[in-house]
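Chains, contacts and geometry: an overview
As a plain string of letters, each chain reads:
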Amino acid sequence: MKKTFLTFVLMLTVAVLQAQTLIKANFNKGDKATYEYAANLEFGSMMQGSTLTANVTSKLHVDVKEANAEGYQIELLFSDVKVDGDETAFQQSGGQLLTMLNNVPLLYQTDKNGALKKLLNSEEAVGKMSKTGIAKIDSLYAKNPEIEKVNPKMNMLMALSNTLTEEFITEYVKEQTVFSLYGKTLKTGDQEDKSVQGMKTTTSYEVNRILGMLTVVGKVKANMSEDDVKGFLIGNLKKMGVGEDGVSQIEKNWSQMRAMGMTTISYNATETYHFTPSFWVNDYNMESRMKLMGMDIKVKGEYKLGEHSWK
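Residues numbered from 1 in each chain as written. Predicted model: local features only at pLDDT ≥ 70, side-chain atom pairs only at ≥ 80, totals over all residues. Heavy atoms only, no water.

1. Concerning helix α8 (residues 226-239)
- Between the first and last C-alpha of α8 there are 20 Å, a value that for 14 residues agrees with the 20 Å anticipated at 1.5 Å per step.
- Those residues of α8 lying buried are V229, K230, F232, L233 and I234.
- Check the buried side of α8 and you find it contacts β9 (199-210), α9 (244-252), α10 (254-259) and β12 (281-292). (Helix = DSSP H or I, 4+ residues; strand = E, 2+ residues; numbered from the N terminus. Expected span 1.5 Å × (residues − 1). Buried < 20%, exposed > 50% of the residue type's maximum accessible area, 1.4 Å probe, protein only. Contact = heavy atoms within 4.5 Å.)

2. So, the packing of aromatic side chains
- Applying the stated criterion to the full structure yields 11 aromatic pairs.
- Taken together, a centroid distance of 4.5 Å and an interplanar angle of 10° make the contact between Y273 and Y284 stacked. Taken together, the residues span a long stretch of sequence, with Y273 in strand β11 (residues 266-275) and Y284 in strand β12 at a distance of 11 residues.
- Taking the centre distance of 4.5 Å and the plane angle of 25° together, the rings of W280 and W310 count as stacked. (Phe/Tyr/Trp six-rings, centres within 6.5 Å; stacked < 30°, edge-to-face > 60°.)

3. Considerations on the packing of α8 against α9
- It is the contact of α8 with α9, at a shortest axis distance of 10 Å, that shows an interaxial angle of 165°. Looking at the two axes, α8 sits roughly antiparallel to α9. Here α8 and α9 pass one another in a crossing that is right-handed. Of the residues in α9, those touching α8 at K230, I234, L237 and K238 are E244, V247, I250 and E251. (Axes fitted to C-alpha atoms, helices over the stretch in contact; angles between N-to-C directions. Parallel < 35°, antiparallel > 145°, perpendicular 65-115°, else oblique. Left-handed = near helix turned anticlockwise from the far one by under 90°.)

4. What about the sheet that holds strand β5 (residues 106-110)?
- Strand order in the open sheet formed by 11 strands is β6-β5-β4-β3-β2-β13-β12-β11-β10-β9-β8, with antiparallel pairing between adjacent strands. Every interior strand has two partners, whereas the edge strands, β6 (116-119) and β8 (191-196), have only one. The average angle at which neighbouring strand axes cross in this sheet is 25°, direction not considered.
- Here β5 pairs with β6 via three bridges, running antiparallel. Residue pairing for β6: Q109 is matched across the bridge by K118.
- Seen against the sheet, helix α7 (residues 166-176) touches β4 (71-85), β5, β6, β8, β12 and β13 (295-308) and runs at an angle of roughly 145° to β6. (Pairing = 2+ DSSP bridges.)

5. A few points about the nonpolar core
- Counting residues in each nonpolar core, the largest one holds 62 residues, and the members touching the most others are Y35, L76, L106, V173, V216 and F275.
- Ranked by residues supplied to this core, first place goes to strand β2 (residues 32-45) with six residues.
- Once residues lying within four places of it in the same chain are set aside, the contact partners of V216 are I23, L181, L186, Y205, E206, V207, E271, T272, Y273 and F275.
- Membership of the second largest hydrophobic core comes to 18 residues, among which are M199, I250, A269 and L292. (Core = buried A, V, L, I, M, F, W, Y, C linked by side-chain atoms within 4.5 Å.)

6. Examining unusual backbone geometry
- Of note, the phi angle at D80 is positive, near 55°, even though the residue is not glycine.
- Structurally, D80 can be placed in strand β4.
- A positive phi angle is found at N103, which is not glycine, with a value near 65°.

7. What to know about the pattern of salt bridges
- Evaluated as defined, the whole model comprises 13 salt bridges.
- One salt bridge in this structure joins K29 and E66, with 3.6 Å as the shortest N-O distance. Residue K29 is located in the loop between β1 (21-22) and β2, and its partner E66 is located in strand β3 (residues 50-68); the two are separated by 37 residues in the primary sequence.
- Here K200 and D228 are joined by a salt bridge, their closest N and O atoms 3.2 Å apart. Of this pair, K200 sits in strand β9 while D228 sits in helix α8; the two residues are 28 residues apart in sequence, bridging distant segments of the chain.
- Taking the relative accessible area as the measure of exposure, K200 reaches 42% and is therefore partly exposed. (Salt bridge = Lys/Arg side-chain N within 4 Å of Asp/Glu carboxyl O.)

Keep in mind these values describe shape, not function.
Here is the structure:
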């Protein structure tokens, strides 16, 4: 009986180990690929009873510059960013950074598994993105000079400067594109707590092989206390350039906001990845919905592998 039990434990341990999958890139120097991105965005205001929509398309070009035992040097380039529809829906759904990334090369060093580690041309990239961001702020205040009284232009410029960092750019690229899973060892049932643009979330994974193609599905849900929500709101207001007066209004009216049911975040998302045998992402689909302070934001997007250099 004892021998039988030990054999069973050994077999179970082996089965568990075999079920784990390391998402490890298998790129070669000179590999190139282009991903086509398309997304539909909806921004609803429950107070105003209106819904704004926008469709976004762009391309993500991936160029493997170096490949060795330590990892890869990969250049990423977003191009052809186009927005059809309401600009507010695009901006409120997190599109500002994608606009600033348009036509800005990002040269990354990865680890041996393909996980992004270091933005090698950070100073150059931030400089180019800042020019785009400043031009947009100048245009906004030129068209709407009354904004200056509510939120001085200098606040917006300072917020832009504080936001455009290597850490912020890399988090966006990792969490919003095809590079988020590299370096992770996953199996069905695994859970991961992480921050997504300042929002605390928990992701539950399901890992399968279907017709030889690795499929990873992540179910994401917000995991935030009331204090977390307050910090998230204030943090985002500061990123938008709102001054201390605006922040103090949140603090002052927090009890009233709680009574109105506006101090919680509802966020749910499903992310689905399909990998080729060499661990290039074949396609990545994401569908999310966030409810916060009377806003209802829905995003449905897809990255799909297009032209590539390998056969």
